[in-house]
Amino acid sequence: MEAFSIPECSLDAQCEELRMEVRQFLAEALADRSPAQRAESWSGFDREFSRALGARGWLGMTWPKRYGGHERTALERYVVLEEVLAAGAPVAAHWVADRQSGPLLLSHADEQTRQRLLPRMARGELVFCIGMSEPDSGSDLASIRTRAERIGDAWQLNGTKLWTSHAGRADYMIALARTTQVKDAKHAGLSQFLVDLKTPGVTIRPVLNLLGEADFSEVVFDDAKLPADSLLGTEGAGWAQVTAELALERSGPERYLSSVQLMIEMLGAARVDERRDAIALGNLVADFATLRRMSLGIAGMLTRGQDAGRLSPLVKDQGALLEQRTPQVAHELFGGAMHTTPSLDAVMRYTVQAAPSFSLRGGTREILRGIVAKELGLR
Amino acid sequence: MSDMQELITDSARRLLGELSTREAIARMEGGGWDPESWSTITASGFVDVLVEEAGEAAGDHWSRTYPVLHAIGLKSLPFPLAEALLCRGIAATAGLAGADGLVTLAVQDRELQLELSPNGRLTVDGRLPEVPWARCADHLLVAGRVADQDVLALVGLRGDHVQLAQGANIAGEPRDDVTLRSAKAVEWIAGSGFATGALLRHLALVRSAMMVGAAEAALELAVRYSGERRQFGRALSQFQAIQQMLAMLAGEVTAAKTITRAAFASAQREPQAFDVAVAKVRAGRVAEAAASIAHQVHGAIGFAREHPLHLHTRRLWSWRAEAGAESYWAECIGREAIARGGHQFWADLTASQTARA
């Protein structure tokens, strides 16, 4: 099955130099962050930290300079991403903007919007959220019912988005909405909109997750009026645009590193002369090494301008398996609190509860495997 | 993949495919040996693929060997090409004068007893279990220690000093127990840097590449069969349950392939210890998914001897246990990682390959 070959990718000296620089910065910036806080991984939210990263030039790294970007390579960006994730930095205030909303605006927003928003995003000042899921539309994204109607020059938005991460703290949403109903063609007639969340008619209600965090929200649009330039890209081309956006969302190292703090804590608490610990953790180290190779390979493809959309679902699925196996191994080795340390215990409690989301967000395991099956020629 | 690698991939698959007929495999499992086919293989040049060439970049000999080993697994080659090319490569790298005929190797994680007499005669004693293809081989490559020095030696496999008990692995490939009694080394070299563990590592990497090939073959068969077999009025491939299983298998195979190829790519004079361990863990683990999913998709026909699926699954079950099972290598990795501590985990994982050596 030669269809599934992830090309080798190695990092040059410039990337490794950057890594040391980032690592040093993080050691100082995160000195007071507890293991339990680090375990929040890319859900940790801190606008100040995001601005500090922006000030270093580590956001919007690959974007053109005229939009506040830094014109660095995708591999340099990759190094920054994996370092902040491994350190457990609070990155949620910029993650979506840097990963997908920025590139989306670069491709599909008008010049004025790009000038207005991208430099602020690259400085870590603007929080974006993803307006895809709805109460009746999760995996079946094309079945969304949020409608955008053209009223004169402007647009009017009605509908409800759900499970929108960080919407309560975000400045903007990029929302997928139906602009026309095309009979027997549900992927047609969708469009993407830039929504200022301060717009009248937008109501955001927090939804508590099982950890008790108000991380995601319900966002209701009730005759919310959007300006003409809020339409991103081409009217009716929303499905192609959102598919490209999802490819960005699925391709990064955050898709295998969500449980890395637990791994670090376990290695600290394990006993070197305990064979059971060594085998169980050695297996996980092997998985981390494997996923990093795969993830780096995807980054290499993106750097060369190759389409990684066929391979990234497979890597994300493998990554989520690792992320979810890690708390299970932690339970097997350290469950029952007899051999644990306070920090391991706290990180374990957090990670085991967060784990169900790892194979849901960004495309469920079943959707990802459906894409892989298509690549295998099965459907 | 480079042009060179593509060329090797194509020619290895063509030649080894031609020699891996069902009849040839059955003959091997019955204990037969076909000298004619073996001369075709030795004449092909693949046996020298792991011999470093003057002037080439460090590690190139490993990169070009991967496609040959992969093809051996993909085609279920019923000949000891993997062992032969590995022994030639090691001998060349170590500076050990070669020996005529077929050379195989014995790997173990315990030290072998070697004795050096004052007149410079080196003799080897010990029981070496499950030596691949020993009955067909002329010489055996072993590693051991003499006077605090690593020694690599070639011992003749014919004669009174050698006792051979024939056996086979699950796939029916020859794995013979060899007992040496004061067997004289025909060639040996001390201080070449190849210790007991080095032979084990080399064979582990070789088996990993072969397993990736075998797993890809099993996946390919399962995908093809799911499109041909119809039940309830539609092809199996139309069922979501089947699609999800095969996608899962594709993920496991791709993971094993990526990390195994990385271990070949990072190899210099020798492969990197950590990379080999990781590759053998993931390649070994693919056997479980490949066997369970590929057989499940095939149903009863895949359990029949006449169907070729078992050629691949029985090899996977054999090779995952050889040269250290997953638990052996995971324990090595785990001990090291625990000793280093959690705070070193990420730095070690991202350390550049050459720095790790």
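What counts as what
- Sequence positions are assigned chain by chain, starting from 1 and proceeding in written order.
- Chains and ligands are labelled sequentially in the order written, the chains with letters from A and the ligands with numbers from 1.
- Totals for whole chains, interfaces and linings use all residues, but because this is a predicted model, local features are given only for residues with pLDDT of at least 70 and pairs of side-chain atoms are given and counted only at 80 or more.
- Note: side-chain values were computed over all heavy atoms of the structure, leaving out hydrogens and water.
- Runs of H or I in DSSP of at least four residues are treated as helices and runs of E of at least two as strands, each being numbered from the N terminus.
- Both definitions apply: the radius of gyration is a C-alpha atom measure, and the globule rule equals 2.2 Å times residues to the power 0.38.
- In short, Shrake-Rupley with a 1.4 Å probe defines the accessible areas, and a residue's cover is counted only from the protein chains shown.
- Charge counting follows a simple rule: Lys and Arg are positive, Asp and Glu are negative, and His as well as the terminal groups are ignored.
- Here the site of a charge means atom NZ of a Lys, CZ of an Arg, CG of an Asp or CD of a Glu.
- Here a salt bridge means any side-chain nitrogen of Lys or Arg lying within 4 Å of a carboxyl oxygen belonging to Asp or Glu.
- Each residue gets one of three labels from its accessible area relative to the maximum for its type: buried under 20%, exposed over 50%, partly exposed in between, using a 1.4 Å probe on protein chains only.
- Only the six-membered ring of Trp is used, alongside the rings of Phe and Tyr, when aromatic pairs are assigned; centres must lie within 6.5 Å, and planes under 30 degrees apart are stacked while those over 60 apart are edge-to-face, with the rest tilted.
- Each residue carries a pLDDT value, the predictor's own confidence for that position, ranging from 0 to 100.
- Each domain's limits were defined by an automated method or a database of domain assignments.
- Contacts were defined at the residue level, with two residues in contact if any of their heavy atoms lie within 4.5 Å.
- Buried area: the sum, over both parts, of the accessible surface (1.4 Å probe) that disappears when the two are put together.
- The criterion is simple. A nonpolar core is a set of buried Ala, Val, Leu, Ile, Met, Phe, Trp, Tyr and Cys residues joined through side-chain atoms within 4.5 Å.
- The definition of a polar contact used here is a pair of N or O atoms within 3.5 Å, where within protein one atom must be able to donate a hydrogen and the other to accept one, and adjacent residues in sequence count solely through side-chain atom pairs.
- Put plainly, a pocket is an open set of points on a 1 Å grid over the protein atoms alone with protein on both sides within 12 Å along at least five of seven lines, a cavity is a set where a 1.4 Å probe fits but cannot get out, and a lining residue has an atom within 4 Å of a point.
- Grid points are joined across faces, edges and corners, and a volume is the space filled by probe spheres set on the points.
- Comment: arc refers to directions from the helix axis out to C-beta atoms.
- DSSP-based pairing: two strands are paired if at least 2 bridges between them are found.
- Helix span, expected: 1.5 Å multiplied by one less than the number of residues in the helix.
- The convention used is that axes are lines fitted to C-alpha atoms, helices contributing only their stretch in contact, and that angles between N-to-C directions extend from 0 to 180 degrees.
- Every angle not falling under 35 degrees, over 145, or within 65 to 115 is termed oblique; those three ranges are roughly parallel, roughly antiparallel and roughly perpendicular.
- For the purposes of this analysis, a disulfide is any pair of cysteine sulfur atoms at a distance within 2.5 Å.

1. Here we look at the overall build of chain B
For chain B, the count of helices and strands is twelve helices and nine strands. Over its C-alpha trace chain B gives a radius of gyration of 21 Å, about what one expects of a compact globule, namely 21 Å for 357 residues. Along the longest, intermediate and shortest principal axes, the C-alpha atoms of chain B span 80 × 55 × 35 Å. When the accessible area of chain B is evaluated, it comes to approximately 14,000 Å², of which 49% is carbon and sulfur surface. Looking at chain B, you have 35 positive and 41 negative side-chain charges, and the mean spots of the two groups are 6 Å apart.

2. Notes on the pattern of salt bridges
Under the criterion given, the structure shown has 55 salt bridges over all chains. In this structure, Glu76(A) and Arg72(A) form a salt bridge, with 3.1 Å as the shortest nitrogen-oxygen distance. Assessed through its relative accessible area of 28%, Arg72(A) is described here as partly exposed. We note a salt bridge from Arg315(B) to Glu173(B), for which the minimum N-O separation is 3.9 Å.

3. Some thoughts on unusual backbone geometry
Most of the time, phi is negative for any residue but glycine, and the peptide bond is trans. Within the chain, Asp184(A) stands out as a residue other than glycine whose phi angle is a positive 60 degrees. Relative to the helices and strands, Asp184(A) is located in the loop between β4 (172-178) and β5 (190-196). By relative accessible area, which is 73% here, Asp184(A) ends up exposed. Its identity as a non-glycine residue notwithstanding, Phe232(B) has a phi of 55 degrees, on the positive side. Considering the arrangement of structural elements, one finds Phe232(B) in the loop between β8 (230-231) and β9 (234-235).

4. What to know about the packing of aromatic side chains
The tally for this structure, following the rule as stated, stands at 15 aromatic pairs over all chains. Judged by centre distance (5.4 Å) and plane angle (25 degrees), the rings of Phe128(A) and Tyr172(A) are stacked. You can see Phe128(A) sitting in strand β1 (residues 128-131) and its partner Tyr172(A) sitting in strand β4, a full 44 residues away along the chain. The two residues Phe128(A) and Tyr172(A) agree in class, both being buried. Note on Phe288(A) and Phe345(B): the rings are 5.3 Å apart at their centroids and 80 degrees apart in plane angle, and the pair reads as edge-to-face.

5. Overview of the confidence of the model for chain B
In this model, chain B carries a mean pLDDT of 94, and residues with pLDDT of at least 70 account for 98%. Prediction confidence for the complex, expressed as pTM and ipTM, is 0.96 and 0.96 respectively.

6. Here we look at the domain arrangement of chain B
Residue and element names in this part refer to chain B. Along its sequence, chain B is carved into domain 1 (3-94), domain 2 (103-190) and domain 3 (196-356). Computed over C-alpha atoms, the centres of domain 1 and domain 2 are 23 Å apart. Between domain 1 and domain 2, the residue contacts involve 13 residues of the former and 15 residues of the latter. A buried area of about 1,100 Å², summed over both sides, lies between domain 1 and domain 2, and 75% of it is on carbon and sulfur atoms. Taken as a group, Met28, Glu83 and Cys87 account for 43% of the area that domain 1 buries against domain 2, more than any other trio of residues on that side.

7. Examining the nonpolar core
Core analysis: the largest hydrophobic core is formed by 192 residues, its most contacted members being Met266(A), Leu281(A), Leu81(B), Leu141(B) and Leu246(B). If we ignore the near neighbours within four places in the chain, the residues touching Met266(A) are Leu281(A), Leu284(A), Thr326(A), Val329(A), Ala330(A), Phe334(A) and Leu344(A). Core analysis: the next-biggest nonpolar cluster, separate from the first, contains 27 residues, Leu117(A), Met121(A), Leu126(A) and Leu190(A) among them.

8. Some thoughts on the environment of Phe193(A)
Residue and element names in this part refer to chain A. Among the structural elements, Phe193 can be located in strand β5. Once the C-alpha coordinates of Phe193 and Ser230 are considered, the two residues, 37 residues apart in sequence, prove to be 5.3 Å apart. Setting aside anything within four residues of it in sequence, one finds Phe193 in contact with Ala148, Trp155, Met173, Ile174, Ala175, Ala177, Thr179, Leu226, Ser230, Leu231 and Leu232.

9. With respect to the interface of chain B and chain A
With 47 residues of chain B at the interface, the matching set in chain A holds 53 residues. Regarding the contact of chain B and chain A, the summed buried area is about 4,300 Å², with carbon and sulfur atoms giving 64% of it. The largest share of the area that chain B buries against chain A comes from Ile338(B), Phe345(B) and Trp346(B), three residues that together contribute 17% of it. Where chain B touches chain A, the interface holds three salt bridges. Here Arg275(A) ties to Glu331(B) by a salt bridge, and the two come within 2.8 Å at their closest N and O atoms. Applying the counting criterion to the chain B and chain A interface returns twelve residue pairs in polar contact (both at pLDDT 80 or more). The greatest single-element share of the side of chain B that touches chain A, amounting to 16 residues, is contributed by helix α7 (residues 240-266) of chain B.

10. Considerations on the layout of surface pockets
Residue and element names in this part refer to chain A. Estimates place the volume of the second largest pocket at around 630 Å³. Looking at the second largest pocket, it is lined by 31 residues, and the ones nearest its centre are Arg77, Arg99, Pro103, Leu248 and Leu302. Mapped by element, the contributors of at least two residues to the lining of the second largest pocket are α4 (74-86), α5 (92-108), α7 (238-250) and α9 (275-303). Among the elements that take part in the lining of the second largest pocket, α5 stands out by supplying nine residues, more than any other.

11. Considering the side chain of Ser41(A)
Looking at the element boundaries, Ser41(A) is found in the loop between α2 (35-38) and α3 (47-55). Every residue in contact with Ser41(A), bar those within four places of it in the chain, is listed here: Leu85(A), Ala89(A), Leu257(A) and Ser258(A).

12. Regarding helix α3 (residues 35-44) of chain B
All names here are of chain B. Taken as a whole, α3 has its buried residues at Ser37, Trp38 and Ile41. Taken end-on, α3 shows its buried residues confined to a sector of 100 degrees, consistent with a single buried face. Facing away from the buried side of α3, by more than 90 degrees, are the exposed residues Glu36 and Ala43. Looking at the buried positions of α3, the neighbouring elements they touch are α1 (3-19) and α5 (81-94).

13. Brief notes about the pairing of strand β5 (residues 149-156) of chain B
Residue and element names in this part refer to chain B. Taking burial as the measure, the eight residues of β5 include seven buried ones, the bulk of the element. Where strand β4 (residues 139-146) meets β5, eight bridges bridge the pair, whose relative direction is antiparallel. Bridging from a neighbouring strand, Leu141 pairs with Leu154 of β5.

14. A few points about helix α10 (residues 326-340) of chain B
With 15 residues, α10(B) extends 21 Å between its outermost C-alpha atoms, agreeing within 8% with the 21 Å of an ideal straight helix rising 1.5 Å per residue. Of all the positions in α10(B), only Glu326(B), Trp329(B), Ala330(B), Glu331(B), Ile333(B), Gly334(B), Ala337(B) and Ile338(B) are classed as buried. Buried positions along α10(B) lie against α8 (260-269) and α9 of chain A together with α6 (196-228), α8 (273-298) and α9 (309-321) of chain B. A positive backbone phi angle near 95 degrees is found at Gly341(B), which sits one or two residues after α10(B).

15. Structural notes on the packing of α9(A) against α10(B)
Across the interface, α9(A) lies against α10(B) with an axial gap of 6 Å and an inter-helix angle of 95 degrees. Compared by their axis directions, α9(A) and α10(B) come out roughly perpendicular. On α10(B), the residues touching Arg275(A), Asp277(A), Ala278(A), Ile279(A), Leu281(A), Gly282(A), Asn283(A), Val285(A) and Ala286(A) of α9(A) are Ser327(B), Ala330(B), Glu331(B), Ile333(B), Gly334(B), Arg335(B), Ala337(B) and Ile338(B).

16. Quick look at the state of the cysteines
Residue and element names in this part refer to chain B. Going through the model one piece at a time under the given rule, you end up with zero disulfides over all chains. Not part of a disulfide, Cys136 finds its nearest cysteine sulfur in Cys87, a span of 14 Å. Looking at Cys136, the relative accessible area reads 14%, which means it is buried.

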